[in-house]
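# Secondary and tertiary structure notes
Read off the chains here:
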Amino acid sequence: MSVRIGFVGCGGIANAHMQNLVKIDGAEMVAFSDIVEEKARKAADQYGGKAFADYRAMYDGVEMDAVYVCLPPFAHTDQEILAAQAGLALFVEKPLALTMDKAREIEAAIADAGVISCAAYHWRYHDTAKWAREALAGGTIGMVLGWWMGGLPGVAWWRVQDQSGGQILEQTTHIIDMARYLAGEVERVSAEMALRVMTDVENISVPDVGTVNLRFASGAIGNITNSCVPPGWKNGLVVIGDRKTVIFDQSNFELRTSAGAETRTFQPIAAHFRESEGFVNAVATGDASGILSDYSDGVKSLAVSIAANKSAQTGEPVMIADV
Ligand SMILES: NC(=O)c1ccc[n+]([C@@H]2O[C@H](COP(=O)([O-])OP(=O)(O)OC[C@H]3O[C@@H](n4cnc5c(N)ncnc54)[C@H](O)[C@@H]3O)[C@@H](O)[C@H]2O)c1
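The local shell around the ligand holds 25 residues, among which G9, G11, G12, A75 and E93 are the closest. In terms of residue count, helix α1 (residues 12–21) provides more of the shell around the ligand than any other element does, three residues in total. When grouped by side-chain class, the residues that make up the shell around the ligand number 15 nonpolar, five polar and five charged.

As a further point, take the domain arrangement of the protein. Taken domain by domain, the protein consists of domain 1 (3–122 + 271–292) and domain 2 (123–267 + 302–322). Each of domain 1 and domain 2 was reduced to a C-alpha centroid, and the two centroids are 26 Å apart. Taken residue by residue, the interface counts 16 residues in domain 1 and 18 residues in domain 2. Listing elements by their share of the side of domain 1 that touches domain 2, those giving two or more residues are α5 (100–113) and α10 (269–285). Among the elements that line the side of domain 1 that touches domain 2, the one with the most residues is α10, at three residues. Of the residues contributing to the side of domain 1 that touches domain 2, the split by class is 12 nonpolar, one polar and three charged.

Once that is clear, we can look at the sheet that holds strand β6 (residues 117–120). Strand order in the open sheet made by the six strands is β3-β2-β1-β4-β5-β6, with parallel pairing throughout. Lying at the two open borders of the sheet, with one neighbouring strand each, are β3 (50–52) and β6. If you compare each strand with its neighbour and ignore which way they point, the axes differ by 20° on average. With three bridges joining them, strand β2 (residues 27–33) and β3 adopt parallel strand pairing. Across the sheet, the residue bridging to F32 is A51, located in β3. Contacts between helix α2 (residues 37–47) and the sheet are confined to β1 (3–8), β2 and β3, with β3 contributing the most and set at about 175° to the helix. The sheet contacts of α10 involve β1, β2, β4 (66–69), β5 (89–93) and β6, and relative to β1 the element is tilted by about 125°.

Each value, and the rule that gives it
- Residues numbered from 1 in each chain as written.
- Predicted model: local features only at pLDDT ≥ 70, side-chain atom pairs only at ≥ 80, totals over all residues.
- Near = placed C-beta within 6 Å.
- Helix = DSSP H or I, 4+ residues; strand = E, 2+ residues; numbered from the N terminus.
- Nonpolar A, V, L, I, M, F, W, Y, C, P; charged D, E, K, R; others polar.
- Domains from an automatic or database assignment.
- Contact = placed C-beta atoms within 7 Å.
- Pairing = 2+ DSSP bridges.
- Axes fitted to C-alpha atoms, helices over the stretch in contact; angles between N-to-C directions.

Here it is as structure tokens:
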């Protein structure tokens, strides 16, 4: 069966997904929408299908099985809700929304409709993450350290706190998601954030440095630190397990034990492809086992970022159950 796919948002990451979908058996891109209609038209010219400025017109006008929602955090309104109500499977880029209220409203619509969903946490599809899970399986986790030391993304909305939620919500969410994937649910966070260096950037309101302490439900502890001050450094994690240490990022994996250190490498480009392949296969067959994070799972990663922002604002620790 061919899976007919539409896009809501045809910007940077949407185009990366299109380049993968065109190579996936059974995937057929049939419609594209973007408030900047020219972007939708460009995609339609390249991949075939119809272009729209309004996603509602796309939902009404084209027969589809699934939608890729590739919007900035602030732009999620009713795109997923209307799609779910129309019975369409949903692939939604991280972070899933800007607020817990919006994410929970969408989560409920997906549950009510019973449609397949994927939260696009592509790090889960890296072999490095799989090796980390395997190395740590069944053992006690002591501590998770993570960092996202990036630069300032070029898209204008990213530097505005009320549009992106800042780096902890926008990019570092990948590291938070990995921490949850390996060490289980987070119970409490305590964060410090500041805008220190990038004060001369026009319109900036996001912190450019931040650090978050974590307490997991298991009793494990952790810290995730981020910066968007160029030139940046690395994105990755260190996990202290039961007399073993796992160190990994998107391409490099190292397992340190008393027997020595073992290293492996991975081509990270494959992760986005696997993510879409798992989603398309799930929609085609109804078997969702190839989706490593559904919408509800992604909401839990969002909650940690939102709790961290709240803690940084109030100066108080925040329980995840309270956001
Ligand atoms: N998983 C990853 O590796 C990865 C990488 C980059 C971005 N992302 C995520 O993808 C999302 C989008 O990021 P991007 O870099 O593609 O941003 P972008 O600004 O390049 O693209 C967003 C697109 O959405 C369109 N848009 C905005 N509001 C809309 C609306 N109401 N209806 C239809 N279209 C609308 C914009 O015109 C733009 O074309 C973000 O949440 C980001 O975090 C994920």
